[in-house]
Amino acid sequence: MKKLLSFLAIVAIILASNCSRIPENNDPVIGIWSNIEMTTSQSARSTIKKEWIFNDAYLGRFHTYRNNEIEVLTDFSWKKDGEMYIITYPGLENKTNDMVKMKESDDGIILEDTSGQTIATKE
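Let me begin by describing the structure that accompanies this report. (Residues numbered from 1 in each chain as written. Predicted model: local features only at pLDDT ≥ 70, side-chain atom pairs only at ≥ 80, totals over all residues. Heavy atoms only, no water.)

**Describing a nonpolar patch on the surface**
For step 1, the next point in the chain: On the surface, a nonpolar cluster with roughly 640 Å² of combined accessible area is contributed by Met 1, Leu 4, Leu 5, Phe 7, Leu 8 and Val 11.
For step 2, the next point in the chain: By the secondary structure assignment, Leu 4 is in helix H1 (residues 2-19).
For step 3, the next point in the chain: By relative accessible area, which is 47% here, Leu 4 ends up partly exposed. (Patch = residues over 30% accessible without salt bridge, like charges linked within 9 Å, V, L, I, M, F, W, Y side chains within 5 Å. Areas by Shrake-Rupley, 256 points an atom, 1.4 Å probe, with all protein chains shown as cover. Salt bridge = Lys/Arg side-chain N within 4 Å of Asp/Glu carboxyl O. Helix = DSSP H or I, 4+ residues; strand = E, 2+ residues; numbered from the N terminus. Buried < 20%, exposed > 50% of the residue type's maximum accessible area, 1.4 Å probe, protein only.)

This is the structure:
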């Protein structure tokens, strides 16, 4: 009887460990992407940096810095639909979803929106 219980315990452990595996995500979008804009006026110069950090759990963190001070900090979720990446910002009601695709350019690998504008460059 002990052998049967030991065997059932081993089978249960093997089944539990196999069922809990998370599929590996090696998408090339995973990493840090940023965009820096500089504006100048007669009174001041301003630098705005937007940064997206994509992780392998289809989530990420979005930051906006103005002159090295954080203005926006929120989480986002992302998914891939064909060549397009759809980025959703549930914490920001005034920011619409971004639809971007990855391209190679002279500046490196970029995220480009549907109108052809560069959103971010991979760091």
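**Let's talk about the pairing of strand E7 (residues 108-113)**
For step 1, the next point in the chain: Here strand E6 (residues 98-105) pairs with E7 via 6 bridges, running antiparallel. Looking at the pairing, Lys 101 lines up with Glu 112 of E7.
For step 2, the next point in the chain: As judged from the 3 bridges shared by E7 and strand E8 (residues 118-122), these two strands associate in the antiparallel manner. By the bridge assignment, Leu 111 is partnered in E8 with Ala 120. (Pairing = 2+ DSSP bridges.)

**Side note on the nonpolar core**
For step 1, the next point in the chain: Ranked by size, the top nonpolar core spans 15 residues in total, and within it Trp 52, Phe 54 and Phe 76 carry the most contacts.
For step 2, the next point in the chain: Elements with a contribution of two residues or more to this core: strand E2 (45-54), strand E4 (69-81), strand E5 (84-88) and E8. (Core = buried A, V, L, I, M, F, W, Y, C linked by side-chain atoms within 4.5 Å.)

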